[in-house]
Protein chains: 2
Amino acid sequence: MLFLDCLDFCIRNILSFNGTKKVWDCMRTHDSVSILIFNTSRQCFVVVKQFRPAVYMCEVERHCPQVFQNQDKENCHLEDPLPAVVGVTYELCAGIVDKPDLSLEEVAREEILEECGYCVPATDLRKITSYRSGVGVTGSRHTLFYAEITDQMKTGKGGGQPEEGELIEVVEIPLEDSMKFAFDESLPKTPGVIFGFVWFQNNIAPKLPKK
Amino acid sequence: MLFLDCLDFCIRNILSFNGTKKVWDCMRTHDSVSILIFNTSRQCFVVVKQFRPAVYMCEVERHCPQVFQNQDKENCHLEDPLPAVVGVTYELCAGIVDKPDLSLEEVAREEILEECGYCVPATDLRKITSYRSGVGVTGSRHTLFYAEITDQMKTGKGGGQPEEGELIEVVEIPLEDSMKFAFDESLPKTPGVIFGFVWFQNNIAPKLPKK
């Protein structure tokens, strides 16, 4: 059941609020972590590129709105009207918090290893901040970490867990290209990538040893 | 039907992908805009504070997990086990793109007026960038704008549209407190606020006239 791991269920809620009953739909999701990864050996960021069904569906709707005209059908079968590449986004390495016995740092450490192939001690992870993501529909807590890696920490290929259907490509963005990359709207990406790169410029770049 | 305006439906999709069929749930939502608003008269940011049912439900689950034990029930009636304040977040002024005849700038202009009470010409809005939000479940396109306002542009109280159930409080964050605010995790907020404030530090603050 690919892509369902972060979603427990979609629920309709009724809450009495200011004297009137309000109805809304929301999705129950796990909290999550993401990691801004910087390779100090080669002065580049390590991000991931992956196919996102929800992004793909947005593009299908944009190009072929007729696909969505039968909104009553619970199951909607598509015959691949657009190439999969339109659903691919650049993102920070990330994962959901679904193992109660692991700390957030340990969850982040596992994701770096699984998705990007670098073995980083959990104690080396620096928390940047936490915030509420997707307040319109999910509202779960997201924690953003920063990790510095070196080429020597590479122990695997990364790529996620194919047996769980993850199809993740590891991509390196040189530091000198990072601001151009962050604001190039032709490269679809999550806000985490943009924020992470800008945060780095303010907080880490000034302290980097000069070349 | 409060809180449903951004959500058309929750859909289960089946897509043939790399030779195997994959199933996932996603929500169909509108594209959206948000606006980083800076009041040059008093050197402060203007953000909004609002109750978010999805955030509230997350907190209910964190504190009272038993509420969610009957997952089979489609309708879940709650008796307000926690005060509403736990579901309140700080956010950028924002809105969905649901009027096909308006440009993104015009949608943003309307939201600034409705939510914050300032009348800003659409041509004064500067696009910061766009990105994909909520790639796990929605994947819609979000465009972030920057707007400078003055006290003279204030034409109303803001607060959203009560008849649509919006309960929005306008909050001013002084520029000198903005970095502390952005990274204070005890003040629940969306990533847009944090990114916006950090972007401002890099792109606008250096050009501000010195006091």
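Not measured: the values here are computed from a predicted model. (Residues numbered from 1 in each chain as written. Chains lettered and ligands numbered in written order. Predicted model: local features only at pLDDT ≥ 70, side-chain atom pairs only at ≥ 80, totals over all residues. Heavy atoms only, no water.)

**Q** In this structure, what is going on with the nonpolar core? I would like to understand it.
**A** A general tendency of soluble globular proteins is for nonpolar side chains to be buried together. Among the nonpolar cores identified, the biggest contains 48 residues, and A:Leu36, A:Phe197, A:Phe200, B:Leu36, B:Phe197 and B:Phe200 are the most heavily contacted of them. The contact partners of A:Leu36, leaving out residues within four places of it in the chain, are A:Phe45, A:Leu92, A:Ile128, A:Leu144, A:Phe145, A:Tyr146, A:Ala147, A:Gly196, A:Phe197, A:Trp199 and A:Phe200. (Core = buried A, V, L, I, M, F, W, Y, C linked by side-chain atoms within 4.5 Å. Buried < 20%, exposed > 50% of the residue type's maximum accessible area, 1.4 Å probe, protein only. Contact = heavy atoms within 4.5 Å.)

**Q** Can you walk me through unusual backbone geometry in this structure?
**A** With the exception of glycine, the majority of residues adopt a negative phi angle, and the majority of peptide bonds are in the trans configuration. Phi is positive for A:Gln43, close to 50°, though the residue is something other than glycine. Within the secondary structure, A:Gln43 sits in the loop between strand 3 (32–39) and strand 4 (44–51). (Helix = DSSP H or I, 4+ residues; strand = E, 2+ residues; numbered from the N terminus.)

**Q** When you look at the environment of A:Met153 in this model, what are you seeing that I'm missing?
**A** Relative to the helices and strands, A:Met153 is located in the loop between strand 9 (141–149) and strand 10 (168–174). Ignoring sequence-local partners within four residues, the contact set of A:Met153 consists of A:Gly117, A:Tyr118, A:Cys119, A:Val120 and A:Glu148.

**Q** I'm lost on the side chain of A:Thr143 in this one. Help?
**A** Considering the arrangement of structural elements, one finds A:Thr143 in strand 9. Filtering out sequence-adjacent residues up to four positions away, A:Thr143 remains in contact with A:Ser32, A:Val33, A:Ser34, A:Leu104, A:Lys127, A:Thr129 and A:Ser130.

**Q** I keep staring at helix 4 (residues 191–203) of chain B and nothing clicks. Help me out?
**A** One turn of an α-helix holds 3.6 residues; hence residues three or four places apart share an orientation. Between the first and last C-alpha of helix 4 of chain B there are 18 Å, a value that for 13 residues agrees with the 18 Å anticipated at 1.5 Å per step. Turning to helix 4 of chain B, its buried residues number three or more, namely B:Gly192, B:Val193, B:Ile194, B:Phe195, B:Gly196, B:Phe197, B:Val198, B:Trp199 and B:Phe200. (Expected span 1.5 Å × (residues − 1).)

**Q** Even after reading the chapter, I still don't get helix 2 (residues 104–116) of chain B, so can you show me in this structure?
**A** Residue and element names in this part refer to chain B. Compared with an ideal rise of 1.5 Å per residue, which puts 13 residues at 18 Å, helix 2 spans 18 Å between its outermost C-alpha atoms and is within 8% of the ideal. For helix 2, the complete set of buried residues consists of Val 107, Ala 108, Glu 111, Ile 112, Glu 115 and Cys 116. Angularly, the buried residues of helix 2 cover 140° about the axis, an arc narrow enough to put them on a single face. Tucked into the core, helix 2 has its buried residues touching strand 3 (32–39), strand 4 (44–51), strand 7 (93–96), strand 9 (141–149) and strand 10 (168–174). Two residues or fewer after helix 2 comes Gly 117, characterised by a positive phi angle close to 85°. (Arc of directions from axis to C-beta.)

**Q** Is there a simple way to explain the confidence of the model for chain A in this structure?
**A** Should the pLDDT be low somewhere, the predicted coordinates at that spot are not to be read in detail. Residue and element names in this part refer to chain A. Taken as a whole, chain A shows an average pLDDT of 84; of its residues, 79% reach a score of 70 or greater. Within chain A, no element has a lower average pLDDT than strand 5 (residues 75–77), which sits at 49, and none a higher one than helix 3 (residues 178–182), at 98. Counting interchain partners and residues more than four positions distant, the pLDDT-below-50 stretch residues 1–9 has 32 contacts. Ignoring residues within four places in sequence, the model shows residues 72–76, a span with pLDDT below 50, making nine contacts including any to other chains. Interface confidence for the predicted complex, given as ipTM, is 0.83, next to a pTM of 0.85. (pLDDT = per-residue confidence, 0-100.)

**Q** Looking at this structure, how should I read the pattern of salt bridges?
**A** Pairing is possible between side chains that carry opposite charge, provided their charged atoms lie close to one another. All chains considered together, the criterion is met by 18 salt bridges over all chains. We note a salt bridge from B:Glu110 to B:Lys99, for which the minimum N-O separation is 2.9 Å. With B:Glu110 in helix 2 and B:Lys99 in the loop between strand 7 and helix 2, this residue pair connects regions lying 11 residues apart in the sequence. Residues joined in a network through salt bridges with shared partners are A:Asp31, A:Arg132, A:Arg141, B:Glu59 and B:Arg62. (Salt bridge = Lys/Arg side-chain N within 4 Å of Asp/Glu carboxyl O.)

**Q** So what exactly am I meant to see when it comes to the side chain of B:Thr190 here?
**A** With respect to the element layout, B:Thr190 can be found in the loop between helix 3 (178–182) and helix 4. Excluding residues that lie within four positions of it along the chain, B:Thr190 makes contacts with A:Tyr131, A:Arg132, A:Val135, B:Tyr90, B:Glu91 and B:Leu92.

**Q** Looking at this model, I keep getting lost on the packing of helix 4 (residues 191–203) of chain A against helix 4 of chain B. Mind explaining?
**A** Where helix 4 of chain A contacts helix 4 of chain B, the axes come no closer than 10 Å and their chain directions differ by 40°. Classed by the angle they form, the pair helix 4 of chain A and helix 4 of chain B counts as oblique. Two packed elements cross with a definite hand, and for helix 4 of chain A against helix 4 of chain B that hand is left-handed. Between helix 4 of chain A and helix 4 of chain B, the residues in contact are A:Ile194, A:Phe195, A:Val198, A:Trp199, A:Gln201 and A:Asn202 and B:Ile194, B:Phe195, B:Val198, B:Trp199, B:Gln201 and B:Asn202, respectively. Residues belonging to the contact of helix 4 of chain A with helix 4 of chain B are distributed by class as follows: eight nonpolar, four polar and no charged. (Axes fitted to C-alpha atoms, helices over the stretch in contact; angles between N-to-C directions. Parallel < 35°, antiparallel > 145°, perpendicular 65-115°, else oblique. Left-handed = near helix turned anticlockwise from the far one by under 90°. Nonpolar A, V, L, I, M, F, W, Y, C, P; charged D, E, K, R; others polar.)

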